[in-house]
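Here's the letter readout for the chains.
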Amino acid sequence: MVILKRKSSILFVFFAVLFCNGQEVVKGIVVDQNSTPILGASIKVVELKNKGTSSDFDGKFRIKLPEGSYTLQTSFVGYKTVLTTINVNISEMSFIKILLTENVEELNDVIVKGKTEAQRIREKAFEVEVLETKELKNISVDINSLLNTVPGVVVRESGGLGSNFNFSLNGFSGSQVKFFIDGIPQDNLGTSLTFNNFPATLIERAEVYKGVVPIYLGADALGGAVNIITNQKKKTFLDVSYDAGSFNTHRATLNGSYFNKKGLAFKIISFYNYSDNTYTINQIDPKEEGIIVRDPLLGNPIDTLSSVKRFHDAYQSQMVQARLGLVDKTYVDELFLGVTASSNSNEIQHGILPRTPFGAVETEESVRSGSLIFRKDSMLNLPVKLRVYGELAQISSKVIDTFSNNYNWQGEIVERNDQTRGERGGAKTLFTFDDQRHLINASLQHAFDSNKKMYFNYTKNYLRRKGSDAFSTLRSPFEDPHSIDKNIFGLAFEVEALQKRWETTVFSKLFLASIEGVIEDEFNSNEATRFTDYKNTSQEWGYGAASSFQIHNDLKAKISYEKTFRIPEGYELFGDGLLLKSNPFLKPEESRNINAGFLWTPKLGNFQVDVDVNMFLRNTKNLFFLLPEGVTARYINLAEIRNVGIEGEVAMEHHNFYIAINSTYQYVTDVIQDARVANRPYFFGNFNTGYAFENFFSKKGRLTVSWDTFFTEKFPFQSFTDGNPEDRFFVPQQLSHNIQLGYSIEDKYNISIQARNITNARVFDNIAVQKPGRAFFVKLRYFLKTTKSKI
Amino acid sequence: MKNLKWSVNIIAIMIALVTTFSCSSDDNGNGLDPNRNPVANAKYAVGFQTLPVGQSGPVDYMLELSSLESLTSGELTVEGQGIPQTGWRFFHQAGNTIFTAGYVEDRTCISYQFDENGDLKKVTDFVYQTTLNNYLAVDNNTLLAVELAFGVDDPAATAIPDRNFYLINAETGLVEDIKSHAVDSSIGDGTAQNPPYIPWVTGMVVRDAKLFLSYHKYFPDGNGNAIAVDKAYVAILKYPEFELEKLIEDDRTSSIGTNGPSTGIEQAENGDIYSYSSSSVASGVLDATKPSGVLRIKNGETDFDSSYFFDVENAPNGGKIYWMDYIGNGKALARIVLDDSLPQWAAFREQGEQLKLVVLDLISQTVTNVQGVPPHANRYSSPTFVEDGKAYISARTGELLNDSSTNVADGETYVYIVDVETATAVKGAKVNGFALKGIFKVTN
């Protein structure tokens, strides 16, 4: 990597001569084997005492030396120290590149003391949780299940693999929380790319930002954001896995990269998921035990079965993403062209309540997209990093409900006299959304010096939706297309002071949204007034700050605040063209989010302890409420909610043993009515422990055993106070345990067995919707990486 | 193979049915007990709709009252009491049983009775195919309910499916029979002049072994809009045979009834049948040009009384009717839309001041404002509860729920006890919720 071009070298020399009075400025860069700049490497001049410097955030350094010959001693923790001889001579100045190679022996020692990327992010001023998947790649687990272990997060599922889920973060859910992959917003991409589709094997880590979201995640996130990071290392590797288990579940992943010496790069990520989800359930009613058998003609109860198996719940999804490009060129640090294709099909077993099942309703979705990534780490020799991402995506989602009869829970067809309606009771449908998403994300980073940085981010997220129904001769929802154009600008300053003990970021975000649509009045025969153009624009300024202070070596305090918004979705504003009516006056939802907490990382005896406590306050207003109106309904800004809570985690680690426990308590109130909001878990947590036996069976073998427990306290479905306590509906207390056993040889060959819900407990996330009981999974994984590294 | 399995199942179910029924009649101790004093054992219950909390909609409760006084003073609340229901529900009574039936997805009708200890308890439930939209307590033994779901956009459809009428045993809470009948449906011929429609029943009366049904002709696109609204329609079926006897229509007013209430057509003490036509956009009826008013079918007749039309819209104190319910002595209570320039369905909003309460004297054809009830809002209601000649209704006042921010905590709901003879009302109990969807008296 040549940073300095010839012309500027000459210029540089010229200035050096002008200003340096016989002293020459030596300039260079410290990099690792992957040409990644090393920050903070120490460079000492062996010949001159007290002469030295350290590399900056771009790995660069400069040092003033009189003419002569010198030896530079460059060292960095985890790397072998390098001696470089230089000649300082006014007539032949050159740019010095110092290559450090990893010191494997030292690195093994260092790992405990050194900070992983996850730790580094966690110690940022933002309230963020980081999950590394290193130890989890061998287990049959998807990202949603991983995120479910984060304090403040509850993932409420309505079934097995691929089922609908509600991701809730500090009480926010739905589109109030935004999802990203490598910083790219994933909203509106449908259900084939949601995180329950991604096995943990495919990613390196997940970051969960609570309430206060850094600007590089450009979205109208009202209550936080989740960003998952895929493998970013410039290393050639191949990672394949396959797992199989209960309910005819099969999953496979392929993850690989190839980098050649000329800077050509190819990356691929792919997954396949399938499950019949034929697990046993014991109730379909919030109150009544067993499955009621009904008279097929009259609907009266005639018998009760103690259990049935779900019979129409299969899920399949697949995705492949390939990227081809160049890395580490003089003109670009990263340039990739990518294509993604994904699809899924999902059998729907029942509606919100499982009292009456479906046997034929299905949904199908697909996404096709093309993307471009451009990254340049140094612009015009300034400490400026630029990254641009562009994407065009087509999303199609279809609901299939064309079956003329009903099903009962025994899986039998119940005939109806009315053969014109679909199984869900409405019109038969092959309803399809056709969405187009255009996305641009540009981020710029400028370092004034190693303590002051500025960030700028721009995200354009444009969505155009059109609905059609191949089956219907009449009107379809969203038949009149609508578009949402969100433009989000973010600007942030990051300052570190007091020997980096104090770190503060202040930021502002500008949300510009323009939502356009046409609403057709079918009953109006006057062409001039038949179509009404609607346009809703909003301009909101959000702002916030995050600050952390290292009180003591082991203790860090953090505080963060953000005022933020969520722009309405198209259907919330325009309705669906049928019974959901438009409200063009809908304002964005608005929230003020505060976090205050501390990180305490003492060493107690042999144990490295990690205590992370956060208190949060969320004041949200203008929340959308679905107002019924005759047979129709529309969204209005109505609700105002406050959520106050505390979440904490204690983790202890010693050698090959770890134990961690975390818990969250939150109290959600409707501020206007001073009533506690029901149907949200308010007290939950989990517990994990594990041990690794090194050199097991063979010298290179490693056996791991781990245990996870999940707990959610019983919570009321409708109200904390209303109704006779005996008659109230509750989602019962949830307690389930998973055990994993894994064996790896050199990290290359891996096999694991997982037993989920080992006590076969009846667990519910939603009222009356039972989740899978005991289940077993076996996973095989092969991981190959080249020992040779590209330079 | 499938068919064989199917028939085996039906036989099995038949056997099970017979056994269940024969067993249940023995141990059904909460039915009518002739030894009980009906007045002494009078019990009251209400269908209670709470305010929405957070982003969740209101919750319906079945709430037992300690006495009638609970409606006349104090506060009514479901805090710590009442049986919660899932989803939005209809509340109707037949005999000593109160039925609550869910809407669209929640296709379950639950029945409640007072047990020997005087506690309101669930008896049983049954499931239906879509939504039971209109109800009639035929007598103390039978609740009649009809499914109206309209979703005829199957391009292959060559006919409109029949409506399903459920005959529900008011003692057991179970379905005894389902009758299907087209009532008045048309697939149309694809032209605007002759569009398809389904009958949307707005009221039912059984008189002289005939079932009278008032209805709108709904365009079957799922939008809830009627065609040809400038006529009133009534179908007359033989009951309980469900055979069409006659379709009658009248062009002096618009289609009868509104979506939701079951009182579009009702019978007076002398056997005369009265119906109301709304003609109001805010009540959901688009494009009506005929005045809102009341028609009559005289006792013994099967045609509209051509000598009778009560033009409520143009009468002094009148206006467009949102809802009417016959109380007695030739008098009915009605809600008049105060501002029909509101958008379609706005009269149904659960908070606002868009309606006024009036007494309609159906004989002298006069409209009298009820003194003591302010302009208010109220959505669906079960047939009005009347005791000692007084009608008990719930009404909510407050700022109209609107597209822009409105506060539901600013509104107030009260029970009003209306003396229909004098057209005066007194404010009764405060309701700590949106509305009472129904008030019920059980005398077992």
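Residues numbered from 1 in each chain as written. Chains lettered and ligands numbered in written order. Predicted model: local features only at pLDDT ≥ 70, side-chain atom pairs only at ≥ 80, totals over all residues.

S.K.: Teacher, can you tell me more about the overall build of chain B here?
M.R.: A tally of helices and strands in chain B yields two helices and 29 strands. Burial analysis of chain B (444 residues in total) assigns 55% to the buried set. Expressed as a percentage of contacts within chain B between residues at least 6 apart in sequence, the contacts between residues at least 24 apart total 55%. (Helix = DSSP H or I, 4+ residues; strand = E, 2+ residues; numbered from the N terminus. Buried ≥ 20, exposed ≤ 12 C-beta atoms within 10 Å, placed from the backbone. Contact = placed C-beta atoms within 7 Å.)

S.K.: What am I meant to see in the nonpolar core here?
M.R.: Inside soluble globular proteins, nonpolar side chains tend to come together where they are buried. The biggest cluster of nonpolar side chains holds 208 residues, and the ones touching the most others in it are Leu147(A), Ala45(B), Leu213(B), Ala334(B) and Leu360(B). Among the nonpolar cores identified, the runner-up in size contains 14 residues, and Phe61(A), Ile63(A), Leu72(A) and Tyr79(A) belong to it. (Core = buried A, V, L, I, M, F, W, Y, C linked by C-beta atoms within 7 Å.)

S.K.: Even after reading the chapter, I still don't get unusual backbone geometry, so can you show me in this structure?
M.R.: Put simply, Tyr239(B) and Pro240(B) share a cis peptide bond, and its omega is 10°. Tracing the chain through its elements places Pro240(B) in the loop between strand S16 (232-238) and strand S17 (243-250). With a phi angle near 50°, Asn170(A) is a residue other than glycine that sits in the positive phi range. With respect to the helices and strands, Asn170(A) occurs in the loop between strand S10 (165-169) and strand S11 (172-173). For Asn170(A), a count of 29 C-beta atoms within 10 Å corresponds to the buried category. Its identity is not glycine, yet Ala768(A) carries a phi of approximately 65°, on the positive side.

S.K.: Before we go on, may I ask you to explain the interface of chain A and chain B in this structure?
M.R.: Much of the literature gives interface size as the accessible area that the parts lose upon coming together. Chain A puts 68 residues into the contact, and the matching count from chain B is 70 residues. Of the residues belonging to the side of chain A that touches chain B, the class tally is 29 nonpolar, 24 polar and 15 charged. (Nonpolar A, V, L, I, M, F, W, Y, C, P; charged D, E, K, R; others polar.)

S.K.: Help me understand the sheet that holds S10(A) in this model?
M.R.: Hydrogen bonds between backbone atoms are what pair the strands of a sheet, whose relative direction is either parallel or antiparallel. Residue and element names in this part refer to chain A. The sheet built from three strands is open, its strands ordered S9-S10-S11 with antiparallel pairing. Here the strands that pair on one side only, and so sit at the sheet edges, are strand S9 (153-157) and S11. As paired elements, S9 and S10 share five bridges and run antiparallel to each other. Residue pairing across strands places Val155 opposite Phe167, the latter belonging to S10. (Pairing = 2+ DSSP bridges.)

S.K.: Before we go on, may I ask you to explain the confidence of the model for chain A in this structure?
M.R.: In low-pLDDT regions, the fine details of the predicted coordinates are not to be read closely. All names here are of chain A. Of all residues in chain A, 92% attain a pLDDT of 70 or more, and the chain-wide mean is 87. Here residues 1-21 scores under 50 on pLDDT; set against residues more than four positions off or in separate chains, the count is 19 contacts. Confidence over residues 105-114 falls short of pLDDT 50; this stretch has seven contacts with residues more than four positions distant or in other chains. (pLDDT = per-residue confidence, 0-100.)

S.K.: How should the sheet that holds strand S6 (residues 97-102) of chain B be read in this particular structure?
M.R.: Residues and elements named next belong to chain B. Pairing is antiparallel in the open sheet, where four strands are placed in the order S5-S6-S7-S8. Of all strands in the sheet, those bounded by a partner on one side alone are strand S5 (89-94) and strand S8 (120-127). Averaged over all adjacent pairs, the angle separating strand axes in this sheet is 25°, with direction ignored. With four bridges connecting them, S6 and strand S7 (residues 108-114) associate as antiparallel partners. Bridge pairing in S7 links Thr100 to Ile110. (Axes fitted to C-alpha atoms, helices over the stretch in contact; angles between N-to-C directions.)

S.K.: Mind showing me how you'd approach the environment of Asn760(A) here?
M.R.: All names here are of chain A. In this structure, Asn760 sits in the loop between strand S46 (749-756) and strand S47 (764-766). Residues Asn760 and Ala470, spaced 290 residues apart in sequence, show a C-alpha to C-alpha distance of 44 Å. Each residue touching Asn760, except ones within four places of it in the same chain, is listed here: Gly773 and Arg774.

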